[in-house]
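The residues making up each chain are set out below.
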Amino acid sequence: MARSDYTQQLQEIQDDLLLLGSMVEKAIVKSVDALKSRDLESSQAVIEEDDVIDDFQMVLEEKCVDVIALQAPMASDLRRLVTVIQVASELERVGDYAEGIAKISVRMGEQPTLKPLIDIPRMAEMGAGMLREGLGALTTLDLELAVKIAATDDEVDSLYEQIFRELFSFMVENPANIQGATYLIWIAHLLERIADRATNIAERVVYLATGKMKHFQ
Amino acid sequence: MINLNAGRAGRDGSGDEGRGGNGEASRETVLKTRNLSFWYGEKMALADISLDMREREVTAIIGPSGCGKSTYLRLFNRMNELIPRTRVEGEVLFRDTEINGPRVDAVELRRRIGMVFQKPNPFPKSIYDNVAYGPKVNGFRGNLDELVEESLRRAALWSEVRDDLGKSGLALSGGQQQRLCIARALAVEPEVILMDEPCSALDPIATTRIEDLISELRDDYTIVIVTHNMQQAARVSDRTAFFMVNENGAGTMVEIGPTGQIFTNPVDERTEAYITGRFG
């Protein structure tokens, strides 16, 4: 095939993005597992590991810029590189949210969570799943899957509303719950943002496949 | 001779304002081919090309070597008829007039549709005479000095040669020679400028000069540029047409569209393969 080095560079970049995605997905799962099991050491590890994610994203972006400068990519190649830069930055941000969850967990210290965690791990699972599917859809240019991801975001949003209302009522019932509930609301909010970022990634599938910028409603 | 102005009749009421005007909506088709095919002897070089080029737009034609893009460009000022045993089928229209019609004067046509070639080809004469030659031949009766200055200014060469107008055109650098050729083309007040790889013999700085010049000229002229340099097409043109050879070795047009679209999201997979460098 013509331009074999270049084609290989594009493939490596694509692989790196998937690798970054799996690092971020792991960070989400680990941050919530550590929160649930009150494993502060594990929470601390998530905080430290986020530096690796940040560095990886920067290196990936530099690789993309190099290819743009040196190979003058066009058409779908150009769209792919722009997409990788954009999606990598979404993923880096998701990594920050996971780190945020870990920091809250550390701040909670030895105290148990206000209530047994059921919906928050579910949100985390959904968010991580959306990310995984989003990256899959980017690889296979699966527009149907992209639309499905956006629909899942609505479910995550209503779950967040539900969690918020529940925790708010805890606070109203007893001011002693305020601190514990605030921590959890904060975490639920971070998880809701993760689903939003995953939706942004799904929107990029549309751009990559069709060249059209589109926001899912 | 047929009145080549016929197609512009509707605009004449607006006088000269029409040219420098801002009328995006009123952008007319200046050059047009319909089902155009062309032969060098028995060899079909272009097959069934239908394409419009619009007023005061830069249309770039890109494609691999041998795809007929230069041949296509040269049809518009009947340069191909200077080659023996060539044959045209289909229509080549300049403002809706068939330019191959028996009563169209090729000399007048070439005045109105100027051409700039790959290699700068100034006459072995002074800078002044290079520019003044065309108007003189065409019986220009105005102030020749002013016309020469104006043409050199438009070609962005005046400031570099104003004190050396008597110097030979051949003594200029390659980039300056090419701008001199553009000044020479502008001096006869054409409506269309055809450019056949105008920068291929120039260094990057001279190329940038010519590209900047094309951006300025597009306000007043309809420009068609053939280029091997895709980045150049992307930088200077409003619309881009992609040509390639068909299974019989004849040039065909694959796709034309707004330049931004052609380079980010072409419709045809052959265009995609070519511009991403994965041709063949």
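Residues numbered from 1 in each chain as written. Chains lettered and ligands numbered in written order. Predicted model: local features only at pLDDT ≥ 70, side-chain atom pairs only at ≥ 80, totals over all residues.

1. A closer look at the overall build of chain B
Point 1. In terms of helices and strands, chain B carries eleven helices and ten strands.
Point 2. For a compact globule of 280 residues, the expected C-alpha radius of gyration is about 19 Å, and chain B comes in at 19 Å, within 12% of that figure.
Point 3. Its C-alpha atoms give chain B principal-axis dimensions of about 55 × 45 × 40 Å.
Point 4. For chain B, contacts bridging at least 24 residues in sequence account for 70% of all contacts bridging at least 6. (Helix = DSSP H or I, 4+ residues; strand = E, 2+ residues; numbered from the N terminus. Rg over C-alpha atoms; globule rule 2.2 N^0.38 Å. Contact = placed C-beta atoms within 7 Å.)

2. Thoughts on helix H4 (residues 127-137) of chain B
All names here are of chain B.
Point 1. Considered for burial, the residues of H4 that qualify are Ile127, Asn130, Val131, Ala132, Gly134 and Pro135.
Point 2. Against the buried residues of H4 lie helix H5 (144-154), helix H6 (158-161) and helix H7 (174-187).
Point 3. Following H4 by one or two positions, Gly139 has its phi on the positive side, about 75°. (Buried ≥ 20, exposed ≤ 12 C-beta atoms within 10 Å, placed from the backbone.)

3. Overview of the environment of Arg95(B)
All names here are of chain B.
Point 1. With respect to the helices and strands, Arg95 occurs in the loop between strand E4 (86-94) and strand E5 (97-98).
Point 2. The exposure class of Arg95 is buried, given the 22 C-beta atoms found within 10 Å.
Point 3. C-alpha separation for the pair Arg95 and Glu28, spaced 67 residues apart in sequence, amounts to 8.7 Å.

4. Quick notes on unusual backbone geometry
Point 1. For Leu141(A), which is not glycine, the phi torsion reads 55° and is therefore positive.
Point 2. Owing to 14 C-beta atoms within 10 Å, Leu141(A) belongs among the partly exposed residues under this scheme.
Point 3. Phi at Glu189(B) is positive, roughly 55°, even though this residue is not glycine.
Point 4. Overall, the presence of 16 C-beta atoms within 10 Å leaves Glu189(B) in the partly exposed class.

5. Looking at the pairing of strand E8 (residues 222-226) of chain B
Regular strands show a simple pattern: their side chains alternate between the two faces of the sheet.
Residue and element names in this part refer to chain B.
Point 1. The buried count for E8 comes to five of five residues, which makes it a mostly enclosed element.
Point 2. Both faces of E8 are covered, namely the face carrying Thr222, Val224 and Val226 and the face carrying Ile223 and Ile225.
Point 3. Direction of pairing for strand E3 (residues 58-62) relative to E8: parallel, over a ladder of four bridges. The partner of Ala60 across the bridge, within E8, is Ile225.
Point 4. Where strand E7 (residues 192-196) and E8 come together, five bridges link them in parallel fashion. Counterpart to Met195 in the pairing with E8 is Ile225.
Point 5. Each parallel crossover has a hand, and the one from E7 via helix H8 (residues 204-217) to E8 is right-handed. (Pairing = 2+ DSSP bridges. Right-handed = clockwise from strand over helix to strand, strands pointing away.)

6. Here's the deal with the environment of Glu216(B)
Point 1. With respect to the element layout, Glu216(B) can be found in helix H8.
Point 2. Considered as a pair, Glu216(B) and Ala156(B) are 60 residues apart in the sequence and their alpha carbons are 9.5 Å apart.

7. Digging into the interface of chain B and chain A
Point 1. Counting residues at the interface gives twelve residues for chain B, matched by twelve residues for chain A.
Point 2. Elements with a contribution of two residues or more to the side of chain B that touches chain A: helix H10 (259-264) and helix H11 (269-275) of chain B.
Point 3. Among the residues making up the side of chain B that touches chain A, the classes are represented as four nonpolar, six polar and two charged. (Nonpolar A, V, L, I, M, F, W, Y, C, P; charged D, E, K, R; others polar.)

8. Overview of the pairing of E7(B)
All names here are of chain B.
Point 1. Extensive coverage of E7 is indicated by the burial of five of its five residues.
Point 2. Alternating positions in E7 separate into two faces, Val192, Leu194 and Asp196 on one and Ile193 and Met195 on the other, with burial throughout.
Point 3. Of the strand pairs in this sheet, strand E6 (residues 113-116) and E7 are connected by four bridges, and their pairing is parallel. Considered in E7, the bridge of Gly114 is made with Ile193.

9. Description of the confidence of the model for chain B
Residues and elements named next belong to chain B.
Point 1. With 90% of its residues at a pLDDT of at least 70, chain B reaches an overall mean of 89.
Point 2. Predicted confidence for residues 5-24 stays below pLDDT 50, and this span has eleven contacts to residues more than four positions away or in other chains.
Point 3. Model confidence for the complex is summarised by a pTM of 0.80, with the ipTM given as 0.70. (pLDDT = per-residue confidence, 0-100.)

10. Quick look at the packing of H5(B) against H7(B)
Residues and elements named next belong to chain B.
Point 1. H7 packs onto H5 with a crossing angle of 130° between their chain directions and a minimal axis gap of 8 Å. As judged from the angle between their axes, H5 and H7 are oblique. Every pair of crossing elements has a handedness; the one defined by H5 and H7 is right-handed. Of H7, the residues touching H5 (which contributes Leu147, Ser151, Leu152 and Arg154) are Ala183, Leu186 and Ala187.
Point 2. Of the residues belonging to the contact of H5 with H7, the class tally is five nonpolar, one polar and one charged. (Axes fitted to C-alpha atoms, helices over the stretch in contact; angles between N-to-C directions. Parallel < 35°, antiparallel > 145°, perpendicular 65-115°, else oblique. Left-handed = near helix turned anticlockwise from the far one by under 90°.)

11. Some details on H5(B)
Residue and element names in this part refer to chain B.
Point 1. All of the buried residues along H5 are Val148, Ser151 and Leu152. Looking straight down H5, one finds that the buried residues subtend no more than 95° of arc, so they occupy a single side.
Point 2. Summarising the contacts, the buried residues of H5 are in contact with H4, H6 and H7.
Point 3. One or two steps after H5, the chain reaches Ala156, where phi turns positive at roughly 60°. (Arc of directions from axis to C-beta.)

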